[in-house]
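Structure at a glance
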Amino acid sequence: MTHILLTGGAGYIGSHTALALLRAGYPVISFDNYSNSSTSALERVTQLAAGNITTLSGDIRDEAALREVFRQHKISAVVHFAGLKAVGESTEMPLHYYDNNVAGTVTLCRVMREFNVKKLVFSSSATVYGDAKTVPIAESAPRSATNPYGQSKLMIELILEDLVKAEPDWGITLLRYFNPVGADSSGQIGEDPNGIPNNLMPFIAQVAVGQRPKLSVFGDDYPTHDGTGVRDYIHVSDLAAGHLKALQYLETHQGIEAINLGTGTGYSVLDMVKTFSAINQVAVPYQIAPRRPGDIASCYAKPDKALSLLGWQAEKTLDDMVRDSWRWQSQNPNGYSS
Ligand code: NAD
Ligand code: WQD
């Protein structure tokens, strides 16, 4: 039996993708060092979906441990989520980010090649577009990065492009996620950030549940419809479905493709706050605060390539996103340690 290996499979997007893969009948192996996740996530996944899942603890920088995984299991493709993702932390610990994200990916690819596994779905990010000149953003837009986290994603894209140039029998998709939010509609798995959330949606949810007094809205003087930042929020279950489509695409395609996973619609910070309150009938107190350094005004995807190449498009609405985020947060006020 062949398996799909998920590096970082216990994380936010990895656990939702594991669930989607199990529901579609794929045997799954997760390999995660739990540096930013809990073993509970995949335990809950196994309760939600009958299926074949093996959960392994290990670090992608540990070449010997990775070899053991490939030696012991027949693996047909890898979905590579494992990485550190906190922008602020990356500026304080650049070497740690480059080591974990970039060196970790090189090690993974080396072991994949050794075992002749050459299908890879990589978690890239809209962060590789930097401060895009125009929206919606197509995959052909110029790339740049303003912090070590973003640089690490950009470097990995370049490394994987060079790999495919040298060895054209690899099949790689660079999935550029926009802003993942929401949770499985069961409310059993979701986003469980360590400490103070960096991202908007978990912050809103923690304010709504009473863990934080109010949200700071970072800037109301951007050139957007209400002055607050605009982003392309995408439901994590739609994102998970996109990984399935990417794996199916790689069954018959070689080469490398960068593909946006977004909805194509931008919502502002205040759109998010107001929709969350209205749909969930819960207060989200907020104050206007100064802009956050490094933030851009507006970022949303041109999602056409995902539809034409993968046959994928986002299906969930903003109402679904805020409803499912709230179901997870209100049922698990302290995340997996609730
Ligand atoms: P997450 O932190 O919830 O998941 C990442 C998982 O990788 C965690 O379980 C962590 O323990 C694991 N991990 C980290 N370093 C590892 C290592 N060296 N070896 C083994 N496991 C390791 O993050 P997420 O939101 O699920 O993101 C998944 C991927 O998607 C990341 O690569 C991230 O950069 C990328 N991404 C995320 C977002 C977002 O906003 N969530 C947006 C764009 C791209
Ligand atoms: C969204 C909007 C903020 C928090 C980041 C990374 C990016 C990607 C996704 C991984 C912005 C505003 C936020 C708050 C606020 N990650 N905001 N108050 O900045 O688009 O992207 O996560 O690849 O690389 O940079 O997402 O959720 O942090 O912010 O007003 O407390 O919400 O200013 O306009 P962002 P975000």
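In this report, the structure presented in the accompanying data block is examined.

Basis of the calculations
Residue positions within a chain follow its written sequence, with the count starting from 1. In the order they appear in the text, chains get letters beginning with A and ligands get numbers beginning with 1. Residues qualify for local features only when their pLDDT is at least 70, as the model is predicted, and side-chain atom pairs are given and counted only at 80 or more; totals for whole chains, interfaces and linings, by contrast, use all residues. By convention in this description, side-chain values take in all heavy atoms of the structure and omit both hydrogens and water. Here, strands pair whenever DSSP counts at least two bridges between them. Note on conventions: DSSP H or I runs of at least 4 residues are helices, E runs of at least 2 residues are strands, and numbering of each starts at the N terminus. To define axes, lines are fitted to C-alpha atoms, for helices over the stretch in contact only, and angles between the resulting N-to-C directions are given on a 0 to 180 degree scale. Should any heavy atoms of two residues lie within 4.5 Å, those residues are considered in contact. Here the term buried applies to any residue with accessible area under 20% of the maximum for its type, exposed to any over 50%, and partly exposed to those in between, with areas from a 1.4 Å probe on protein chains only.

Describing the sheet that holds strand E3 (residues 53-57)
In space, the seven strands of this open sheet follow the order E3-E2-E1-E4-E5-E6-E11, with parallel pairing throughout. Strand pairing shows two members of the sheet lacking a second neighbour, E3 and strand E11 (255-261), which therefore form its edges. Within the sheet, the average angular offset between the axes of one strand and its neighbour, ignoring direction, is 15°. By the bridge criterion, seven bridges tie strand E5 (residues 119-125) to strand E6 (residues 171-177) in an arrangement that is parallel. From the neighbouring strand, Lys-119 faces E6, where its bridge partner is Gly-171. Sitting on the sheet, helix H1 (residues 12-23) touches strand E1 (3-7), strand E2 (28-32), E3 and E6, and the angle it makes with E1 is about 170°. Packing against the sheet, helix H8 (residues 236-250) makes contact with E1, strand E4 (75-80), E5, E6 and E11, and its axis sits at approximately 160° to E6.

What to know about the pairing of E4
Within E4, five of the six residues are buried, leaving the element largely enclosed by the surrounding structure. Both E1 and E4 contribute to a ladder of five bridges, which runs parallel. Bridge pairing in E4 places Thr-7 opposite His-80. As paired elements, E4 and E5 share three bridges and run parallel to each other. Note on E5: the bridge partner recorded for Val-78 is Leu-120.

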